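# Per-entry structural report
One letter stands for each residue in the lines below.
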Amino acid sequence: MKKVLVFLFVIMAALSAKAQVYVGGSLSVWGGDDVTSFGIAPEVGYNFNDKWAVGGVLEFDHSKVNGLKTNGFALAPYARYTFFENDILRVFADGGFGFSTVGVKDHGDNVNGFEVGIRPGLALKLTDHLSVLTKVGFFGYRDDYMLNTLNGGGFSLSGQDLSFGLYYTF
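What comes next concerns the included structure. Fair warning: this is a prediction, and the values are worked out from it, not measured in the lab. (Residues numbered from 1 in each chain as written. Predicted model: local features only at pLDDT ≥ 70, side-chain atom pairs only at ≥ 80, totals over all residues. Heavy atoms only, no water.)

### Comments concerning the nonpolar core
Judged by nonpolar contacts, Y22, A41, A53, V57, Y78, F92, A123, L133 and Y167 together constitute the single largest core of nine residues. Aside from chain neighbours lying at most four places away, what touches A53 is Y22, Y46, N47, F48, Y78, A79 and R80. If you look at the next biggest cluster of nonpolar residues, it comprises five residues, including A74, A76, V102 and Y145. (Core = buried A, V, L, I, M, F, W, Y, C linked by side-chain atoms within 4.5 Å. Buried < 20%, exposed > 50% of the residue type's maximum accessible area, 1.4 Å probe, protein only. Contact = heavy atoms within 4.5 Å.)

See the structure below:
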């Protein structure tokens, strides 16, 4: 048992020694005449080196449009490749897939969907540990992912494919 605990301690120390783990995410709130929505998407990842990282997003969305209530959940793991990085800017692409399920109140079964594709992004370093990050667009294939109306394949630069978030690197 002692060997296992020492091994886990050494692994955790090695992982955190070079600022390789990051956490962050995005938050959205919208209100209007017949629309109310709220979304939260926490994200966690691990940097293998200056070019490659892996991570995942767990998303929850709640909306009420014209009296119709929906709740959606999505899980989207990804691999991130950094094309360019200098002292304050990083340009990257997240390639991955996502699975979602959305329930519409009083309308039967949940709608399950998926997506496979690439999301380009930019990160602006504010401090050694804090960054502002944006993901712009989507290139790939979607089928009922989070009740998105754009099913099929292609490239999208719509507002629905734009996100901003804060990230903290340990």
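### A word on the packing of aromatic side chains
For the coordinates displayed, the defined rule picks out nine aromatic pairs. On the basis of an interplanar angle of 55° and a centroid distance of 6.2 Å, the ring pair of Y22 and Y167 is categorised as tilted. Taken together, the positions of Y22 in strand β1 (residues 21-31) and Y167 in strand β10 (residues 162-169) put the pair 145 residues apart, joining distant regions of the chain. Accessibility assignment for this pair places Y22 and Y167 in one class, buried. (Phe/Tyr/Trp six-rings, centres within 6.5 Å; stacked < 30°, edge-to-face > 60°. Helix = DSSP H or I, 4+ residues; strand = E, 2+ residues; numbered from the N terminus.)

### So, the pairing of β1
As defined by bridge partners, β1 adjoins strand β2 (residues 35-47) across eleven bridges and the pair is classed as antiparallel. In the sheet register, S28 faces β2, and the bridge partner there is G39. Turn length for the β1-β2 hairpin, with the two strands adjacent in sequence and antiparallel, is three residues. Bridge count for β1 against β10 is four bridges, and the pairing is antiparallel. When the sheet's bridge partners are listed, V23 is paired in β10 with Y168. (Pairing = 2+ DSSP bridges.)

### Details of a nonpolar patch on the surface
A cluster of nonpolar residues, F83, F84, I88, L89, L122, L124, L126, L130, V132, L166, Y168 and F170, forms a patch on the protein surface that exposes about 1000 Å² of accessible area. Contributions of two or more residues to the nonpolar patch are made by β4 (68-85), β6 (111-125), β7 (130-136) and β10. On the secondary structure map, F84 appears in strand β4. (Patch = residues over 30% accessible without salt bridge, like charges linked within 9 Å, V, L, I, M, F, W, Y side chains within 5 Å. Areas by Shrake-Rupley, 256 points an atom, 1.4 Å probe, with all protein chains shown as cover. Salt bridge = Lys/Arg side-chain N within 4 Å of Asp/Glu carboxyl O.)

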